[in-house]
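Listed here are the chains, written in short residue letters.
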Amino acid sequence: MTFFLETLIGGLLAGTMYSLVAIGFVLIYKASGVFNFAQGAMLLFAALTFVSLQEQGLPFALALLLTVVVMAIGAIVIERTVLRPLVNRSQITLFMATLGLSFVIEGLAQGLMGAQVRALDLGIEDVPLFLGEVMVSQFDLVAAATAAVLVAVLALLFNRTRIGVSLRAVADDTRAALSIGINLNRIWQIVWAVAGVVGLVAGLLWGARQGVQFSLSLVVLKALPVLIIGGFTSIGGAIAGGLIVGAAENLAEVYLGPYIGGGITPWFAYFLALVFLYIRPAGLFGERAIERV
Amino acid sequence: MRKTLQCTLGAGALALALQAAPPARAADLEQYIPLPSFRVGPYASSGIPLFDGIIDYLTYVNETQGGINGVRLTWSECETGWLADKGVECYEQMKNGRNGSPTPFFFPLSGPIAAALAERTEQDRIPLVTIGYGITDATAGAVYPYNFPIMANFYSQSSSVVNYIAQLEGGADKLKGKKIVTAYNDSPPGRETIASMKLLAEKYGFEDIQVPIPLPGNEQTAVWRGIRQHKPDYVFLRGWGVMTPVAIKTAVRFGLPAERLIGDIWSASEEDVIPAGASAKGYKAITPNPSGTDFPVLQGIRKAVVDAGKSSLRDKNSFGSVFYNSGVMQGILMVEALRKTQEKYGVKALNGEEARWGFENLSLDEPRIAALGATGLLQPLEVTCDDHEGGGSVRVQQWDGQKWTVVSDWVVAERDLLRPLIDAGAARHAKEKGIAPRDCGRPL
């Protein structure tokens, strides 16, 4: 029973790391209906910028602040050069634009900051803690706490600020929002900047775990089943989806893996996502599309 | 009719001109070497120092010796991103040589590219050379005439690790009852050591536990929770890319001492341990080319290439790293194989068929390795028609938190024990493909 509990808790905590990545997707999808393929590249770019600034001798807080500024400037540039010219184009066009954008960001990152692998020390020890007989990772606990704080901040931003109300209006009905004078371009800039900051948080935590290197952009693969399960339009859904994926793949690897050859975590998450697609196509917290026919 | 006459006269004039031309001097000759590099993408951090090492060694030979017996070395790079599709495209662009020089061999420097090119290179008669990866069964040159998994194939890597563990335990008899987990990347190359570890476990009586880790491997909590349940004495870590640092960190988090983790050749670079931070302190890994700058050949490169401003290296900190030294070692093999080939075919630009002879007669003993300035960097090699590996040794190095330190001499694999596995695999391949094995002086 102890081992089961340990696996379950470990899985839930690991799932919050997936949620952190998924939240970045949700923000942009909510505001513009675009599945941002470049989220992984943004995550990599943010972490790489932070580490590069630290290598120049900047203290943690200043490096963090400057990285936030860089990501905000990046958001404005993306909105001006990529999104604005494509406004009113189909979703697949915007998706393809973000696909191209991901390669541009990765190439730019390597050109500016080099391809070498960097260690990232956030000062959080990756050591086991024992809650009774159950072992949990201190690092995972910090990651889970970070996700909780991030969700709280985003909830405040969306629900208690004028910008948040505008964001929700755009997400609910873009045309209606435009008709009452909401500046869509400004909203997109803000959303992409916030998604960049979320990418920075996720990038720092994933970077501390695996090093800051180009494969960091591959962590988005873990976010896709999370989004399918939780829904593309709900931050709460991203959290719930992450927890479900984390717990399920950990339990499956330990209890099912030995019977079917092991190494099942990557595809098991997608298998689970497929099951959810059958039962609840919009995800647990996603908005159901209702159309008049 | 008039056209035919023009053609005939033209051909005659060309033949006369060729006869009248003086024979090419060695100094006019160039030997082309294709370099399918990966300087962008997820594996660029490995590819950049690796190809810089190769290029710096080739430059060193040109600068200090005027090439190989006067034949200057030229090369071109083609970006593969380490991916099979781009690798095949690069191969097709490069296989016909450059500026009149044929392509003598192809070092794909990527498992997926090597797998994709295995049949094409046999058809094109261009040696496909893989060091520390590739098709293990291609050690049997009778069935794979143009495939050379030189130095340390996957079976030899696993055997060397077991032999090293036996050294640590005080003898092979002490292996009985031990638990050795092989945590392998779940891919065809990753699965290559399953058979060899099974055989070694049967011989020595240790418990062989195989655990796959799906690539890319950026989350391994569940896997290592399972491994911890086995209470292993040692873990043979067969990683690639981000899988290795995540494995080290996760293993240590689950209470497995880093000293009990022994990585394979592809989990043995600075790029594998630096991201793991303090967790990697004490971690060990095998390598056919240790890091370090004290080897005389490295000192020579520093003087003639790096300090002279002719180095390909942008990040000078990579000089002497594991991947840079791997590049130097691969450069040495390229040059020595061509030098050997010239002994038979003359001082000229060589093609794939000729270079195959060079590889199959490549012999590097200790005096020759010393003359090359590579003692300790390069193991003795004796490649033959029957044995395309020719070596089978590795050294063990340990990460002290800042740098690798070599902690063993060359650890030799039990190649005689493993050879029947290779022969059986090669025979199966020959049967499937309808290949009549060459006579290499020993039946398969």
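Residues numbered from 1 in each chain as written. Chains lettered and ligands numbered in written order. Predicted model: local features only at pLDDT ≥ 70, side-chain atom pairs only at ≥ 80, totals over all residues. Heavy atoms only, no water.

- Chain B goes by Leucine-binding protein domain-containing protein in an unreviewed UniProt entry, where it is assigned to Azotobacter vinelandii.
- In its Sequence similarities (unreviewed entry) section, the UniProt record describing chain B reads: "Belongs to the leucine-binding protein family." (UniProt positions renumbered as here; feature names shortened; annotations may be inferred.)

- As recorded by an unreviewed UniProt entry, chain A carries the name Bacterial inner-membrane translocator and is attributed to Azotobacter vinelandii.
- Its UniProt record gives chain A the following Subcellular location (unreviewed entry) comment, quoted word for word: "Cell inner membrane".

A closer look at the interface of chain A and chain B
- Of the residues lining the interface, 37 residues belong to chain A; the matching set on chain B comes to 29 residues.
- Across the interface of chain A and chain B, roughly 2800 Å² is buried in total on both sides, 58% from carbon and sulfur atoms.
- In this assembly, chain A and chain B are joined by 4 salt bridges.
- Summed over the shared surface of chain A and chain B, the number is 6 residue pairs in polar contact (both at pLDDT 80 or more).
- Elements supplying a minimum of two residues to the side of chain A that touches chain B: helix H1 (2-32), strand E2 (134-137), helix H8 (184-210), helix H10 (235-256) and helix H11 (265-279) of chain A. (Contact = heavy atoms within 4.5 Å. Buried area = accessible area lost by both parts, 1.4 Å probe. Salt bridge = Lys/Arg side-chain N within 4 Å of Asp/Glu carboxyl O. Polar contact = N/O pair within 3.5 Å; in protein donor to acceptor, adjacent residues only side chain to side chain. Helix = DSSP H or I, 4+ residues; strand = E, 2+ residues; numbered from the N terminus.)

Some words on the side chain of Thr233(A)
- The topology assignment puts Thr233(A) in the loop between helix H9 (220-230) and H10.
- The contacts of Thr233(A), once residues within four sequence positions are left out, are Val26(A), Tyr29(A), Lys30(A), Phe285(A), Gly286(A) and Glu287(A).

Overview of helix H11 (residues 296-306) of chain B
Residues and elements named next belong to chain B.
- Inspection of H11 places Val 297, Leu 298, Gly 300, Ile 301, Ala 304, Val 305 and Val 306 among the buried residues, and these make up the whole buried set. Seen end-on, H11 carries its buried residues on one side only, within an arc spanning 165 degrees. Away from its buried face by more than 90 degrees, H11 exposes Pro 296 and Lys 303.
- Residues of H11 that are buried make contact with helix H2 (44-65) and helix H12 (322-345). (Buried < 20%, exposed > 50% of the residue type's maximum accessible area, 1.4 Å probe, protein only. Arc of directions from axis to C-beta.)

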